[in-house]
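The lines below spell out each chain.
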Amino acid sequence: MAGSLAAVRFLTELVERPELAQGYEFFVYPVCNPTGYADGTRHSRSGLDLNREFWKNSEQLEVQLLEKEILQLNFDGFLSLHADDTSDGLYGFALGHTHAEHVLSPALEVASRVLPRNRHRRIDNFPARNSIVRKRYPGMLGPQPNARTQPFEIVLETPALAPIPDQIESTVLALHKILEEYRNLLSFSPNL
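Computed from a predicted model, the values in this text were never measured in an experiment. (Residues numbered from 1 in each chain as written. Predicted model: local features only at pLDDT ≥ 70, side-chain atom pairs only at ≥ 80, totals over all residues. Heavy atoms only, no water.)

Student: Talk me through the overall build of the protein chain; I want residue IDs and the actual numbers.
Tutor: Counting secondary structure elements, the protein chain contains 5 helices and 6 strands. A compact globule built from 192 residues should have a C-alpha radius of gyration of about 16 Å, and the protein chain, at 16 Å, falls within 12% of that. Along the three orthogonal principal directions, the C-alpha set of the protein chain runs to about 45 × 40 × 35 Å. When the 192 residues of the protein chain are sorted by exposure, 43% land in the buried category. Looking at the protein chain alone, contacts between residues at least 24 apart form 68% of all its contacts between residues at least 6 apart. Surface accessibility of the protein chain: about 11000 Å² in total, with carbon and sulfur atoms responsible for 53%. The average position of the 19 basic charges and that of the 24 acidic charges among the side chains of the protein chain differ by 7 Å. (Helix = DSSP H or I, 4+ residues; strand = E, 2+ residues; numbered from the N terminus. Rg over C-alpha atoms; globule rule 2.2 N^0.38 Å. Buried < 20%, exposed > 50% of the residue type's maximum accessible area, 1.4 Å probe, protein only. Contact = heavy atoms within 4.5 Å. Areas by Shrake-Rupley, 256 points an atom, 1.4 Å probe, with all protein chains shown as cover. Lys, Arg positive; Asp, Glu negative; His and termini not counted. Charge placed at Lys NZ, Arg CZ, Asp CG, Glu CD.)

Laid out in structure tokens, this is it:
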């Protein structure tokens, strides 16, 4: 719920200050599991966690529709917003050193002004360092795993037991920082 509300607030802020989104084109999917959202659970009414069904020839219509759109639109990046009911703080998933250190890490630092970071060495059964997991669950929503070029991918996790307004605020701060840092990274990369 907090991720959906944060996405709406973030987009509202971008409408009010369009210069913040200059150079970006957004496709926002505030709810990817509508029955789970309505029921207040991570599982769809079919009993499945849809965020473990992607790129596995899933029979779930929601997954099929999103996969089709991902393939058609060929996104340059993915930002997913989640709330973890077992975490005591903010953390994220990012594949690759550059995006982890230069995009996600600064975003988590800004967001930690509102909520603490999860500093555990293992998060969601993955090794973690500085609140960042550098692996992903099979079947997570994101780019097609075997695509020739891989877009950047960041998953931002808030602690689900934290107050909703704090989850929203920390997420919006992180999203603004991600835009800023990714723009900086893109401006620097041609000089590499």
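Student: Break down the environment of Val 31 for me, with residues and values.
Tutor: Its location among the elements puts Val 31 in the loop between helix H1 (2–16) and helix H2 (34–39). The sequence separation of Val 31 and Asp 84 amounts to 53 residues, and the corresponding C-alpha distance is 16 Å. Every residue in contact with Val 31, bar those within four places of it in the chain, is listed here: Ser 4 and Tyr 37.

Student: Could you give an account of the sheet that holds strand S3 (residues 122–123), naming the residues involved and the relevant values?
Tutor: The pairing of strands in a sheet happens through backbone hydrogen bonds and is either parallel or antiparallel. Overall, mixed pairing links the 6 strands, which are arranged S1-S6-S2-S5-S4-S3 in an open sheet. Edge positions in the sheet fall to strand S1 (77–84) and S3, since each of these pairs with one other strand and no more. Strand direction decides the pairing type here: S1 and strand S6 (residues 152–159), joined by 8 bridges, are parallel. Residue pairing for S6: Gly 77 is matched across the bridge by Phe 152. Against the sheet, helix H4 (residues 97–111) engages strand S2 (91–94), strand S5 (132–133) and S6, with an angle of about 160° to S2. (Pairing = 2+ DSSP bridges. Axes fitted to C-alpha atoms, helices over the stretch in contact; angles between N-to-C directions.)

Student: With reference to specific residues and values, describe H4.
Tutor: Given a rise of 1.5 Å per residue, 15 residues ought to cover 21 Å, and the 20 Å separating the end C-alpha atoms of H4 matches this to within 8%. Its axis deflected by about 35° at Leu 104, H4 carries its strongest bend there, up to four residues before the proline Pro 106. The set of residues buried in H4 consists of His 99, Ala 100, Val 103, Leu 104, Ser 105, Pro 106, Ala 107, Leu 108, Val 110 and Ala 111. (Expected span 1.5 Å × (residues − 1). Bend = angle between axes of the 7 residues up to and from the residue.)

Student: If you had to explain empty space enclosed by the protein to someone new, which residues and values would you point to?
Tutor: Under the defined criterion, the tally for this structure stands at 1 cavity of 30 Å³ or more. Forming the walls of the largest cavity are Phe 93, Ala 94, Leu 95, Val 133, Lys 135, Arg 136, Met 140, Glu 153 and Val 155. Of all the elements in the fold, those that place two or more residues in the lining of the largest cavity are S2 and S6. Broken down by class, the residue content of the lining of the largest cavity amounts to 6 nonpolar, no polar and 3 charged. (1 Å grid on protein atoms, 1.4 Å probe; cavity = no way out; pocket = protein on both sides within 12 Å on 5 of 7 lines; lining within 4 Å. Points joined across faces, edges and corners; volume = space filled by probe spheres on them. Nonpolar A, V, L, I, M, F, W, Y, C, P; charged D, E, K, R; others polar.)

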